[in-house]
Amino acid sequence: MSRDICVHTWPCSYYLELEKRWIPGKLSLTPLSLKFMTDKTGEILVNFPLSSIIEIKKEASHFIFSSVTILEKDHVKHWFSSLQPSRNVVFSIIEHFWRELLLSQPGAAVEGSSSPATKGKELTCLMACSQKRLEDTTRVLHHQGEQLDSVARGLDKMESDLGVADRLLTELESPSWWPFSSRLWKVPSETKPSAGASVASSKAFGKEGIVIRIPAVISQRTESRVKPGKFTVLVSGLEIHDSDSLLMHRFEREDVDDIKVHTPYEVSIRQRFIGKPDIAYRLISAKMPEVIPILEVQFSKKIELLEDAWMFGSTATASPAEKGYSVWLADPEETEGSCLGCRDGAGEAG
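Residues numbered from 1 in each chain as written. Predicted model: local features only at pLDDT ≥ 70, side-chain atom pairs only at ≥ 80, totals over all residues. Heavy atoms only, no water.

What follows is about a nonpolar patch on the surface. Residues Val151, Leu155 and Met158 make up a contiguous nonpolar surface patch of about 290 Å² in total accessible area. Along the chain, Met158 turns up in helix 3 (residues 119–173). (Patch = residues over 30% accessible without salt bridge, like charges linked within 9 Å, V, L, I, M, F, W, Y side chains within 5 Å. Areas by Shrake-Rupley, 256 points an atom, 1.4 Å probe, with all protein chains shown as cover. Salt bridge = Lys/Arg side-chain N within 4 Å of Asp/Glu carboxyl O. Helix = DSSP H or I, 4+ residues; strand = E, 2+ residues; numbered from the N terminus.)

Below, the discussion takes up the side chain of Asn88. With respect to the helices, strands and loops of the structure, Asn88 is situated in helix 1 (residues 87–103). Looking at Asn88, its side chain comes within polar contact range of the side chain of Lys58, at 3.0 Å. (Polar contact = N/O pair within 3.5 Å; in protein donor to acceptor, adjacent residues only side chain to side chain.)

Burial runs high along strand 12 (residues 258–263): five of the six residues are buried. Bridge analysis of strand 12 against strand 13 (residues 266–271) gives five bridges, and the strand direction is antiparallel. The residue bridging Lys260 from the neighbouring strand is Ser268, located in strand 13. The turn linking strand 12 back onto strand 13 is made up of two residues. (Buried < 20%, exposed > 50% of the residue type's maximum accessible area, 1.4 Å probe, protein only. Pairing = 2+ DSSP bridges.)

Further remarks concern the sheet that holds strand 10 (residues 237–242). Read across the open sheet, the eight strands follow the order 11-10-9-8-14-13-12-15; overall the sheet is mixed. The open sheet has two free edges, formed respectively by strand 11 (247–252) and strand 15 (303–305), since each of these has just one partner strand. On average, adjacent strands in this sheet sit at an angle of 25° to one another, irrespective of strand direction. As paired elements, strand 8 (residues 210–220) and strand 9 (residues 227–234) share eight bridges and run antiparallel to each other. Across the sheet, the residue bridging to Pro215 is Lys230, located in strand 9. (Axes fitted to C-alpha atoms, helices over the stretch in contact; angles between N-to-C directions.)

With that settled, the discussion passes to the pairing of strand 1 (residues 8–16). Among the nine residues of strand 1, nine are classified as buried, and the element is accordingly described as predominantly covered. The alternating pattern of strand 1 places His8, Trp10, Cys12, Tyr14 and Leu16 and Thr9, Pro11, Ser13 and Tyr15 on opposite faces, both of which are buried. Pairing of strand 1 with strand 2 (residues 21–29), which is carried by nine bridges, proceeds in the antiparallel orientation. When the sheet's bridge partners are listed, His8 is paired in strand 2 with Leu29. With antiparallel pairing between neighbouring strands as the criterion, strand 1 and strand 2 make up a hairpin whose turn holds four residues, including Lys20 at a positive phi of roughly 55°.

Before going further, it helps to spend a moment on unusual backbone geometry. For the bond from Gln84 to Pro85, the omega torsion is 10°, close enough to zero to count as cis. Turning to its location among the elements, Pro85 is positioned in the loop between strand 7 (77–81) and helix 1. Located in the positive-phi region is Lys20, a residue other than glycine, with phi close to 55°. For Lys20, the position within the fold is in the loop between strand 1 and strand 2.

Applying the stated criterion across every chain, the model contains twelve salt bridges. With a shortest N-O distance of 2.7 Å, Lys20 and Glu17 are connected by a salt bridge. The partner of Glu266 in a salt bridge is Arg282, with the nearest N and O atoms 2.6 Å apart. Highlighted residues: Glu266 in strand 13 and Arg282 in strand 14 (residues 279–284), separated in sequence by 16 residues. Within the structure, one salt-bridge network assembled from shared partners comprises Asp258, Arg270, Arg272 and Asp278.

Right, let's get into the environment of Ser243. Mapped onto the fold, Ser243 is located in the loop between strand 10 and strand 11. Distance in space between the C-alpha atoms of Ser243 and Val217 is 9.7 Å, their sequence separation being 26 residues. Discounting chain neighbours no more than four positions away, the residues touching Ser243 are Pro228 and Gly229. (Contact = heavy atoms within 4.5 Å.)

Now for the confidence of the model for the protein chain. Low pLDDT means the predicted coordinates in that region are not meant to be read closely. Per-chain confidence: the protein chain averages 75 in pLDDT, with 67% of residues scoring 70 or above. Ranking the helices and strands of the protein chain by mean pLDDT puts strand 10 first, with 93, and helix 4 (residues 195–205) last, with 40. Here residues 108–115 is a poorly scored stretch, pLDDT under 50, and it has nine contacts once near neighbours within four places are set aside; other chains count. Of the regions scoring below 50 in pLDDT, residues 182–207 engages in 26 contacts with residues more than four places distant in sequence or in other chains. (pLDDT = per-residue confidence, 0-100.)

Right, here's the structure in full:
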């Protein structure tokens, strides 16, 4: 199941309250839970659902070491420090999945703690999901059909223009004394572009219908400075906006050179250039599994599913310890984050 897939694993240290010391290990995030495993023994010290979290903050341990703290409903506070590649990256991604879980349906948010749904409800949910994906696919295919019709009209116009060019070349090759050559200079009225065809063409290419829009955590190229924003799939391309709905970049369909699906929750999009840096964005979102099937339809020849992404369509699950941690690079500057309804504070572990 995609909910059991490890979204990310980060090297870090966990503060063990009973022994008053920091334990090195790895922090693993799945769409529904968070757990910490020690490096030395492989023991799982912490494992709790995201639905039990009431607060996520950036704090300082002993007022020196930057940390991420997580407070559960039973007022148990967890301290994580020495986060790699940076505290800001780990905080942003965990907070994103936590927020999306809070905004989702109550039944989905407490899936691990509630009683399992009946077979009928599961089948109904699968049918509704399949219907939505079929509607999205139909919308994309309909627009592609309109584009093909417009291309056909363009080819007809090109054929007409080639006929005119052929007649003009014939006139140029005719000897000057040929008495009937002058009439060939008159361009037939049928070669004039049709106003109706022009309007129809501009209408077909001017559509900006939104197929789907999701919240995402965005990073440009391989920089570690991440920011929350939105990822929009249009029938004519892709758009990336920041949290203030300001356009960061727009990819036209023909501009996209490759799309790599790293996991069911993480993709990267690139446009290549010669003589200057490529334009590349990396996006991670809890809603990404809804977008990937649409991208497979729109960019079937440009999308690539990497090894971890094949798990999206498989029932097999892998151990989070076997996953590599994120490729986000370290950032020397970190901006202070905030939790829902509160400001960042400074606390002291232990």
